Amino acid sequence: MASTEDPAISVQVTDETDHALRQAAALIREVPDFPEPGVLFRDISPLLADGAGLGAVVTALGRDCEFDVVAGVEARGFLVGAAVAQAFGTGVVGLRKPGKLPVVADRVDYTLEYGRATLELPADTLRPGQRVLVVDDVLATGGTLGAACRLIRQAGADVAAAAVVLELTALEGRDKIMGETVRALLRA
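Looking at this structure, I do not really get helix 4 (residues 76–88). What am I missing?
Because each turn of an α-helix spans 3.6 residues, side chains separated by three or four positions in sequence point in the same direction. Taking 1.5 Å per residue as the helical rise, helix 4 with its 13 residues ought to reach 18 Å, and the 19 Å between its terminal C-alpha atoms agrees with that figure. Listed in full, the buried residues belonging to helix 4 are Gly-77, Val-80, Gly-81, Val-84 and Ala-85. On an axial view of helix 4, the arc spanned by its buried residues comes to 135°, and they lie on one face. Set apart from the buried face of helix 4 by more than 90 degrees, the exposed residues are Leu-79, Gln-86 and Ala-87. Looking at the buried residues of helix 4, the elements they touch are helix 2 (45–48), helix 3 (51–62), strand 4 (69–73), strand 5 (91–95), strand 8 (131–139) and strand 9 (158–167). Directly after helix 4, the chain includes Gly-89, whose backbone phi takes a positive value near 70°.

It is not clear to me how the environment of Val-138 should be interpreted in this structure. Could you clarify?
Relative to the elements of secondary structure, Val-138 occurs in strand 8. Between the alpha carbons of Val-138 and Gly-77 there is a distance of 8.6 Å; along the sequence they are 61 residues apart.

Just checking my understanding: could you explain the packing of helix 1 (residues 18–25) against helix 3 for this structure?
When two helices pack together, you describe them by how their axes are tilted relative to each other and by the distance separating the axes. Between helix 1 and helix 3, the least distance of the axes is 8 Å, while the angle of their chain directions is 125°. For the element pair helix 1 / helix 3, the angle class is oblique. Considering only the axes of helix 1 and helix 3, their crossing is left-handed. Where helix 1 abuts helix 3, its residues Ala-20, Leu-21 and Ala-24 lie against Gly-53, Ala-56, Val-57 and Ala-60. Among the residues forming the contact of helix 1 with helix 3, the class breakdown is 6 nonpolar, 1 polar and no charged.

What should I look at first to understand the packing of aromatic side chains in this one?
Aromatic rings in a pair are described by how distant their centres are and how their planes are angled relative to each other. Tallied over the entire structure, the rule returns 2 aromatic pairs. Taking the centre distance of 5.2 Å and the plane angle of 85° together, the rings of Phe-34 and Phe-41 count as edge-to-face.

Honestly, the nonpolar core in this entry has me stumped. Any pointers?
Generally speaking, soluble globular proteins have nonpolar side chains that are buried together. In this structure, Val-57, Leu-61, Val-80, Val-84 and Leu-133 are the most contacted members of the largest nonpolar core, which totals 28 residues. Going through the elements one at a time, helix 1, helix 2, helix 3, helix 4, strand 8, strand 9 and strand 10 (182–187) are the ones with two or more residues in this core. Here this core takes 5 residues from helix 3, the largest share from any one element. Sequence-distant contacts of Val-84, that is, excluding residues within four places in its chain, are made with Val-58, Leu-61, Gly-62, Phe-67, Val-70 and Leu-133. One finds Val-108, Leu-121, Cys-149 and Val-159 within the second-largest nonpolar core, a separate group that totals 27 residues.

Would you take a moment to explain the environment of Gly-179 for this structure?
For Gly-179, the location among the structural elements is in the loop between strand 9 and strand 10. Taking the C-alpha atoms as reference, Gly-179 lies 33 Å from Ala-49; in sequence the two are 130 residues apart.

Would you explain the confidence of the model for the protein in this entry?
Detailed reading of the predicted model is not advised wherever pLDDT is low. Taken residue by residue, the protein gives an average pLDDT of 90. The fraction at 70 or more is 91%. Here residues 1–7 scores under 50 on pLDDT; set against residues more than four positions off or in separate chains, the count is 13 contacts.

Where do I start with the pattern of salt bridges in this structure?
Scanning the model with the defined rule gives 11 salt bridges in all. Taking the shortest distance from any N to any O, the salt bridge between Arg-153 and Glu-180 comes out at 2.8 Å. Of this pair, Arg-153 sits in helix 5 (residues 143–154) while Glu-180 sits in the loop between strand 9 and strand 10, placing them 27 residues apart in sequence. Judged by its relative accessible area of 18%, Glu-180 is buried.

For this particular structure, what's the right way to read unusual backbone geometry?
Comment: phi is negative for the bulk of residues other than glycine, and the bulk of peptide bonds are trans. The linkage connecting Phe-34 with the following residue, Pro-35, adopts the cis geometry, with an omega of 5°. On the secondary structure map, Pro-35 appears in the loop between strand 2 (29–32) and strand 3 (40–43). With an omega of 5°, the peptide bond running from Glu-74 to Ala-75 counts as cis. With respect to the helices, strands and loops of the structure, Ala-75 is situated in the loop between strand 4 and helix 4. At Asp-33, a position not held by glycine, the phi torsion is positive, near 60°. In this structure, Asp-33 sits in the loop between strand 2 and strand 3. Looking at Asp-33, the relative accessible area reads 48%, which means it is partly exposed. The backbone of Asp-124 sits at a positive phi, close to 60°, despite the residue not being glycine. Following the sequence through the fold, Asp-124 ends up in the loop between strand 7 (115–122) and strand 8.

What counts, and where the lines are drawn
- Residues numbered from 1 in each chain as written.
- Predicted model: local features only at pLDDT ≥ 70, side-chain atom pairs only at ≥ 80, totals over all residues.
- Heavy atoms only, no water.
- Helix = DSSP H or I, 4+ residues; strand = E, 2+ residues; numbered from the N terminus.
- Expected span 1.5 Å × (residues − 1).
- Buried < 20%, exposed > 50% of the residue type's maximum accessible area, 1.4 Å probe, protein only.
- Arc of directions from axis to C-beta.
- Contact = heavy atoms within 4.5 Å.
- Axes fitted to C-alpha atoms, helices over the stretch in contact; angles between N-to-C directions.
- Parallel < 35°, antiparallel > 145°, perpendicular 65-115°, else oblique.
- Left-handed = near helix turned anticlockwise from the far one by under 90°.
- Nonpolar A, V, L, I, M, F, W, Y, C, P; charged D, E, K, R; others polar.
- Phe/Tyr/Trp six-rings, centres within 6.5 Å; stacked < 30°, edge-to-face > 60°.
- Core = buried A, V, L, I, M, F, W, Y, C linked by side-chain atoms within 4.5 Å.
- pLDDT = per-residue confidence, 0-100.
- Salt bridge = Lys/Arg side-chain N within 4 Å of Asp/Glu carboxyl O.

Set out below in structure tokens:
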């Protein structure tokens, strides 16, 4: 488990929330060799299970951003995104994997660190010009978050920002999301 003194996970926040996010960062579990040998997986499940940690993350993700709706990326982005939407009084749209939606507005295929994937937008959920906060748990190689932003723009909506709990900076995923405001609360 990461600790607050662990240099592998640093907190990038304002002074007023620094302590709460440092405590939240300490809840992230590091799992070596998952999902394959050589990968150090950062598991935010313990953070999501902690009321204070989740509250700190939710508040920080939505703060200082004007948005009309949240788009949560399957699957952990659903959990965090729904909490952000509730806290800020907006709705939430789930960006799903194929075969999960009865009516699809659009889809985007993309590459991730372990292969290829697709995200789909449910029909009748976004309006042109709507400001969308895209929320996911981790920014790794940038494929998923970049695809989510493309999907939002293809629907005619605007990406207010893309916000993640944790950014794995060594994978340089932010570079694949050029032109978007990307906010990461924690960096490893």
